[in-house]
Amino acid sequence: MKISFYIAVVVSLFLLSCNNEPSLQKYFVENSEKKDFVALDVSPSIFNMDKTKLTPEQKTALASFDKMNVLAFKLDESNKAAFEVESEKVKQILKGKDYQELMKFGSGKDAASVSFVGDEDHINEFILFAKKKENGFAVVRILGNDMNPNNIMNMISLLQSSNIDLEQLKPLQGLMK
């Protein structure tokens, strides 16, 4: 009798500890194989540069970057209703307690936002969400360890000066107009 009671308690605690709150990670997993979406993982090798020529700040920024996940919804005539539903789901997820919005720009037809997970000095994830009524939307998760705004600015400068490995971005070609 005692054993079955303890088993019931352990199972109950396990079930209660499961987080049913929506997250971007869950959203990516649920939608990456659906026909209206294009999913892509980008590694740090996209920078394709001589690391010996980097400044210490650039090396720190690059070391803080683990990977980037991209999930894009390609809009066409047949999926306009799904576009509205899915973009609203992403907006609701980003309003959750784990996500802090840094900035938002645009409105109506075209909009974008930048959010993060963590605190200002130890960011684990940057999220870029961009929506365009003619093309669809994309959610980009930049994952890393102890990233900070300076690291992100250094990574942007690295992207601008690097010989980007475009092969990693090939699945997104169909979205560009």
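Everything numeric in this text was worked out from a predicted model, so none of it was measured.

### Observations concerning the packing of aromatic side chains
And step 1. Counted according to the given criterion, the structure contains eight aromatic pairs.
And step 2. On the numbers, 6.2 Å between centres and 80° between planes, the contact of Tyr 27 with Phe 37 is edge-to-face. Of the two residues, Tyr 27 sits in helix α2 (residues 24–31) while Phe 37 sits in strand β1 (residues 37–42), which places them ten residues apart along the sequence. Each member of the pair, Tyr 27 as well as Phe 37, carries the same accessibility label: buried.
And step 3. With a centroid separation of 6.1 Å and 40° between ring planes, the pair formed by Phe 83 and Phe 137 is classed as tilted. Residue Phe 83 is located in helix α4 (residues 80–94), and its partner Phe 137 is located in strand β6 (residues 136–147); the two are separated by 54 residues in the primary sequence.
And step 4. The structure contains a cluster of three or more aromatic residues connected by ring pairs, namely Tyr 27, Phe 37, Phe 73, Phe 83, Phe 129 and Phe 137.
And step 5. Geometry around Phe 28 places Arg 141 over its ring, the cationic atom sitting 5.5 Å from the centre.

### Some thoughts on the confidence of the model for the protein
Any segment with low pLDDT has predicted coordinates that should not be analysed in fine detail.
And step 1. Looking at the protein, the pLDDT average stands at 81 and 80% of residues meet or exceed 70.
And step 2. At the low end of the mean pLDDT range in the protein sits helix α1 (residues 2–17), at 46; at the high end sits α2, at 95.
And step 3. Within the model, the stretch residues 8–17 combines pLDDT values under 50 with zero contacts to residues more than four positions away or in other chains.

### Some thoughts on the pairing of strand β5 (residues 122–132)
Residues in a regular strand point their side chains to alternate faces of the sheet.
And step 1. Across ten bridges, strand β4 (residues 110–119) lies against β5 in antiparallel orientation. Bridging across to β5, Gly 118 finds its partner in Ile 123.
And step 2. Joining the antiparallel neighbours β4 and β5 is a turn of two residues.
And step 3. Bridge count between β5 and β6: nine bridges; the pairing is antiparallel. Following the sheet pairing, Ile 127 is matched in β6 by Arg 141.

### Some points on the side chain of Ser 113
And step 1. Within the secondary structure layout, Ser 113 lies in strand β4.
And step 2. The residues contacting Ser 113, other than those within four sequence positions of it, are Leu 94, Glu 101, Met 103, Lys 104, Ile 127, Leu 128 and Phe 129.

### Remarks on the nonpolar core
The nonpolar side chains of soluble globular proteins are, as a tendency, buried together.
And step 1. Phe 47, Phe 65, Met 68, Phe 126, Ile 142, Met 147 and Met 155 are the most contacted members of the largest nonpolar core, which has 20 residues in total.
And step 2. Contributions of two or more residues to this core are made by β1, α3 (56–64), β2 (65–74), β4, β5, β6 and α5 (149–161).
And step 3. Phe 28, Phe 83, Phe 137 and Val 139 belong to the second largest nonpolar core, which has 17 residues in total.

Cut-off values and rules
Residues numbered from 1 in each chain as written. Predicted model: local features only at pLDDT ≥ 70, side-chain atom pairs only at ≥ 80, totals over all residues. Heavy atoms only, no water. Phe/Tyr/Trp six-rings, centres within 6.5 Å; stacked < 30°, edge-to-face > 60°. Helix = DSSP H or I, 4+ residues; strand = E, 2+ residues; numbered from the N terminus. Buried < 20%, exposed > 50% of the residue type's maximum accessible area, 1.4 Å probe, protein only. Lys NZ or Arg CZ within 6 Å of the ring centre and 35° of its normal. pLDDT = per-residue confidence, 0-100. Contact = heavy atoms within 4.5 Å. Pairing = 2+ DSSP bridges. Core = buried A, V, L, I, M, F, W, Y, C linked by side-chain atoms within 4.5 Å.

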